[in-house]
Amino acid sequence: MSNGSYKWIGTRPNRPDGADKVTGRARFGADFNMPGQLIGKVLRSPHAHARIRSIDTSAAAALPGVKAVVTAQDFPDQPNVVVPTGEMQVNLRDVTRNVMAREKALYEGHAVAAVAATTEAVARQALALIKVDYEVLPHVIDVEAAMKDDAPVLHDHLITEGVKPAPDKASNIAKRMDNVKGDVEAGFRQAEVVIERRYATQPVHQGYIEPHATLASAAEDGQVQIWSTTQGHFQVRGFCSRLLGVEASQIRVTPSEIGGGFGGKTVVYLEPVAMRLSQKTGKPVKMVMSREEVFRASGPAPGGTVAVKIGARRDGRIVAAECTVALQAGAFPGSPLGPACWTSFACYDIDNIKVVGFDVVSNRPKVAAYRAPGAPISAWAVESTLDILAQELGMDPIDLRLKNAAKKGTKTSYGPTFDTIGFVETLEAVKSSAHYRSPVKPGMARGVAAGFWFNVGADSSAAAHVAEDGTVTVISGNPDIGGSRASLALMAAEELGVDYDKVRPVIADTSSIGFNFVTGGSRVTFATGLAVVNSVKDMIRELKVRAAKTWKVDPEAVVWENGHARPAGSNVGEFEPLSLADLAASAGRTGGPINGHAQLNAQGAGPGFGVHVVDLAVDRDTGIVTIDRYTAAQDVGTAIHPSYVEGQLQGGVVQGVGWALNEEYIYNAKGKLDNPGFLDYRMPVASDLPMIETILVEVPNPHHPYGVRGVGEVPIVPPLAAVGNAVARATGVRMTDLPMSPPRLSAALDAATPRMAAE
Amino acid sequence: MAKTHVSTTINGEPVEFLCDPTQSLLDVLRDNLGLTGSKEGCGSGDCGACSVTLDNRLVCSCLILAPEAEGHSIRTIEGMAQGDQLHPLQQKFVELAALQCGICTPGFLVASKALLDRNPDPTETEIRYWLAGNLCRCTGYDKIIRAVMEVAADMREAAR
Ligand code: FES
Ligand code: FES
């Protein structure tokens, strides 16, 4: 489906960092070392909720080999204000408390102290010598329990935002959010069918295979170098600068290769601690989390509850829709409540919508972003409810969605009106797909669901340089988490009209390129891609100036085509075209080096829509779900490197399948996590799955020169309900609570059996 | 703690090292010998990122004590390419985009090679079960499985 007029875009060359990554050469977070480095380790709270009366570090500090011990006292306290930090809006008071507990430990695994020692063994020994005097407090884990009047309150200062008049006492409800379009009451009065259900999901971890890791080296003159596995080294710089009161330009953060993030590596845990330990010791300090620490202390995606009510006419037209979403924020406010609310009905053109959301704190690790943050939770509820509606109306689930699909001109409940979008095209692509047209095999059932994500633009900087032989380096500042180097090089090659392998993409540290927002929100190929294209355009402008100088003509009289400067017309004069290599070779005589630069705040990230179909079987005895066939269709804008676009869809689907079927945090009565490892936190493995078929629907984004839309977020949104809808159609039992794990599903089937027998 | 002296062969070269008796083979490879291609995703045998072969047997190096390597032959990801030639599996993983972030890739490559050394003609299901001990969170496994299937087919073709 690719636009045939492109030479490079839409092709599938080898990624520039391929050889490094298949040979073990690529250096990830834990692969950096410095001579004389110390090993840092964190002491973590064994309690879900406890006041810290005192911490005695003297015995630890006296242990031979221990070079420093830090507690919250080593970090300046921060005001209770929300400020831009690395361009994220964060409450510094909360961030410093999440990095190191201050008055209270708020979840099991919360950092309370850290040591730096000559070896890991000594560091571990030292942790055991730190004496923390805890006053254990009552805790609360679940979101609904945390919202009750008599729930233990985590923060004495937390007054619910978004409620008028403001409550006079603190609670665990950090925020209420209201989103209204039209008049839902009037809408429901027109409805001939109303479906109402309540759903719940469990928190799930991003599950990146590489644990958090960092190495910090603070010099005597105050300059600091940090190596870190992160989705945003500019954010690491911003956080460390704010939390430790060091000027941003004194801190140079170099991103390592990153072993997955999915949103979970957009925040800091270890970096400020390693930096403080390094400042105190004058030595480089390396810190790496264990998998258990990753589970206990790094941000999962929230769990939550969603109540949905949808009213429709008998012909399938939806006339009113309402939902209430309550999300776990973890120990500090700030779940992805906005996106959960705004995406809930974004796929549909509905006149009357009401969405209410609550951001709720409880004694769990502070949540972090996870692929389309918040959206899978509300989609699980809304798309399940739509399936019930389709069954009730006897309508094909795709036809029901087509009848209500958002299009160009549809006004969303949260404000914007859609420009060119491809939801209808995506639904139709699925409807006419081989998978959807094939009969469902005996013993199987088919489920369908849709999903939406805004996609993100934001800030990017890029530079392009020509070397003396005419080869090109493009420099950007976003860690490559899934092949973005290849996409950036493809766009640069296309723009410049040179071969892909003449372009080297490089990811620069915070001191070597201007600011870049995180790798996240599916923004890099769009926004950083735009910056790269603009930096190349800037370079082409300079190349034309150099050609004009060579020919002694006006720069306006020069055009750039297929990697060559040419006279704009025959009236300019007879000149042989000058290649990039020609112009590079003569650069010294025409004005010196030839570079291009760009910086921007990218607007117009095109939203993406996905439609998924799954065929599966349910073993009634064990509750085991076997997925037989899965197809994911999505409007991807233009697929710059289709293999990596397909890969985003396939990876997102499988994470969504894990969320649907197995993944959950299991807390015991003491508020401690019982499954902090990959054995008991069950992520999908190869033998759980079939191939994941993809359909790339290319509806170019009008706000990008190559039509790019972000693609990475959408594919995790539909799978939860696609799987749930198939399970409901296979068994006649509608699961409302995730995960649909074998024990839960078989219990639900058992519970339903006598009733079904009696019917 | 007194160090233990271990004599072993790594990627075909004789190697001697000193280690703590409680150190894992993975830690020795990464920290003592600088072979950081093997990755630690869990340290508990659940992710396969640390996969190596010990006398041609596929193992999780995080579960092997370093002194157990005494007298044995170990192969790691660093020994997979021959000279400047990538192994066909390495080449195919790059061509088919069977990696996104790449942290799981060394483990998958070592495990896949161990499979093909044993069974040159595996079915898709056999590949999926053989690789079920290797976690990948990025790719959904599709392109990894395809890469192994294609390499197996190519190698059979070449062997005819
Ligand atoms: S690190 Fe050895 S199996 Fe995960
Ligand atoms: S490519 Fe990232 S974990 Fe496999």
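This is a predicted model, so every value here is computed, not measured. (Residues numbered from 1 in each chain as written. Chains lettered and ligands numbered in written order. Predicted model: local features only at pLDDT ≥ 70, side-chain atom pairs only at ≥ 80, totals over all residues. Heavy atoms only, no water.)

What about the side chain of Ser378(A)?
All names here are of chain A. Relative to the assigned elements, Ser 378 resides in helix H11 (residues 375-393). We classify Ser 378 as buried; its relative accessible area is 0%. Not counting chain neighbours up to four residues away, the residues in contact with Ser 378 comprise Val 306, Ala 340, Thr 343 and Ser 344. (Helix = DSSP H or I, 4+ residues; strand = E, 2+ residues; numbered from the N terminus. Buried < 20%, exposed > 50% of the residue type's maximum accessible area, 1.4 Å probe, protein only. Contact = heavy atoms within 4.5 Å.)

Some words on the domain arrangement of chain A
Residues and elements named next belong to chain A. If you check the domain split of chain A, you get domain 1 (3-25 + 457-602), domain 2 (32-137 + 210-259 + 265-297) and domain 3 (304-455 + 606-752). Scanning the region where domain 1 abuts domain 2 turns up three salt bridges. The salt bridge partner of Arg 252 is Asp 509, with a shortest N-O separation of 3.0 Å. If you look at where domain 1 meets domain 2, you find eight residue pairs in polar contact (both at pLDDT 80 or more). Its residues assigned to classes, the side of domain 1 that touches domain 2 shows eight nonpolar, nine polar and six charged. (Domains from an automatic or database assignment. Salt bridge = Lys/Arg side-chain N within 4 Å of Asp/Glu carboxyl O. Polar contact = N/O pair within 3.5 Å; in protein donor to acceptor, adjacent residues only side chain to side chain. Nonpolar A, V, L, I, M, F, W, Y, C, P; charged D, E, K, R; others polar.)

A short note on the pairing of strand E23 (residues 564-567) of chain A
Residue and element names in this part refer to chain A. Burial of E23 is one-sided: the residues Ala 565 and Pro 567 facing one way are buried, the residues His 564 and Arg 566 facing the other way are not. Across two bridges, E23 lies against strand E24 (residues 578-579) in antiparallel orientation. For His 564, the partnering residue across the bridge sits in E24 and is Ser 579. (Pairing = 2+ DSSP bridges.)

Some words on the layout of surface pockets
By volume, the second largest pocket is sized at about 1200 Å³. Of all elements in the fold, only strand E1 (38-44), helix H4 (120-129) and strand E14 (285-288) of chain A together with helix H1 (25-32) of chain B reach the threshold of two or more residues within the lining of the second largest pocket. In terms of residue count, H1(B) provides more of the lining of the second largest pocket than any other element does, five residues in total. Residues that form the lining of the second largest pocket fall into these classes: 14 nonpolar, twelve polar and 14 charged. (1 Å grid on protein atoms, 1.4 Å probe; cavity = no way out; pocket = protein on both sides within 12 Å on 5 of 7 lines; lining within 4 Å. Points joined across faces, edges and corners; volume = space filled by probe spheres on them.)

Some details on the domain arrangement of chain B
All names here are of chain B. Looking at chain B, the domain boundaries give domain 1 (4-79) and domain 2 (88-159). Once you take the C-alpha centre of each, domain 1 and domain 2 turn out to be 22 Å apart. With 14 residues of domain 1 in contact, the opposing surface of domain 2 contributes 13 residues. Between domain 1 and domain 2 lies a buried interface of about 1000 Å² when both sides are counted; carbon and sulfur atoms form 65% of it. For the pair domain 1 and domain 2, the number of links is zero salt bridges. Applying the counting rule to domain 1 against domain 2 returns four residue pairs in polar contact (both at pLDDT 80 or more). Counting only elements with at least two residues in the side of domain 1 that touches domain 2, the list comes to strand E3 (51-54) and strand E4 (57-60). Grouping the constituent residues of the side of domain 1 that touches domain 2 by class yields five nonpolar, six polar and three charged. (Buried area = accessible area lost by both parts, 1.4 Å probe.)

Some points on empty space enclosed by the protein
Any space left empty among the atoms is revealed by the rolling of a water-sized probe across them. Residue and element names in this part refer to chain A. A complete count under the given rule lists seven cavities of 30 Å³ or more for this structure. Roughly 80 Å³ of volume is contained in the largest cavity. Along the walls of the largest cavity sit Val 42, Arg 44, Asn 98, Val 99, Tyr 107, Gly 109, Ala 111, Tyr 269, Leu 270, Val 273, Met 289 and Ala 297, which together make up its complete lining. Broken down by secondary-structure element, the contributors of at least two residues to the lining of the largest cavity are E1 and helix H3 (92-99). For the lining of the largest cavity, the residue count by class is nine nonpolar, two polar and one charged.

As for the packing of aromatic side chains
All names here are of chain A. Evaluation of the coordinates by the stated rule reveals 23 aromatic pairs over all chains. Considering the side-chain rings of Tyr 370 and Trp 659, the 5.6 Å spacing of their centres and the 15° angle between planes classify their relative orientation as stacked. In this pair, Tyr 370 is assigned in the loop between strand E17 (353-361) and H11 and Trp 659 in helix H19 (residues 642-661), connecting sequence segments 289 residues apart. Across this residue pair, the class does not change: Tyr 370 and Trp 659 are buried. Summarising the aromatic geometry, the rings of Tyr 665 and Tyr 681 are spaced 5.9 Å apart at their centres and angled 85° between planes, so their arrangement reads as edge-to-face. Remark: Tyr 681 occurs in the loop between H19 and strand E28 (692-697) and Tyr 665 occurs in the loop between H19 and E28; sequence separation between them is 16 residues. By relative accessible area, Tyr 665 is classed as buried at 4%. A relative accessible area of 0% means that Tyr 681 is categorised as buried. Within the aromatic cluster, the residues linked to one another by ring pairs are Trp 342, Tyr 348, Tyr 414, Phe 418, Phe 423, Phe 452, Trp 453, Phe 454 and Phe 609. When the ring centre of Phe 32 is taken as reference, the NZ or CZ atom of Arg 27 above it lies at 4.3 Å. (Phe/Tyr/Trp six-rings, centres within 6.5 Å; stacked < 30°, edge-to-face > 60°. Lys NZ or Arg CZ within 6 Å of the ring centre and 35° of its normal.)

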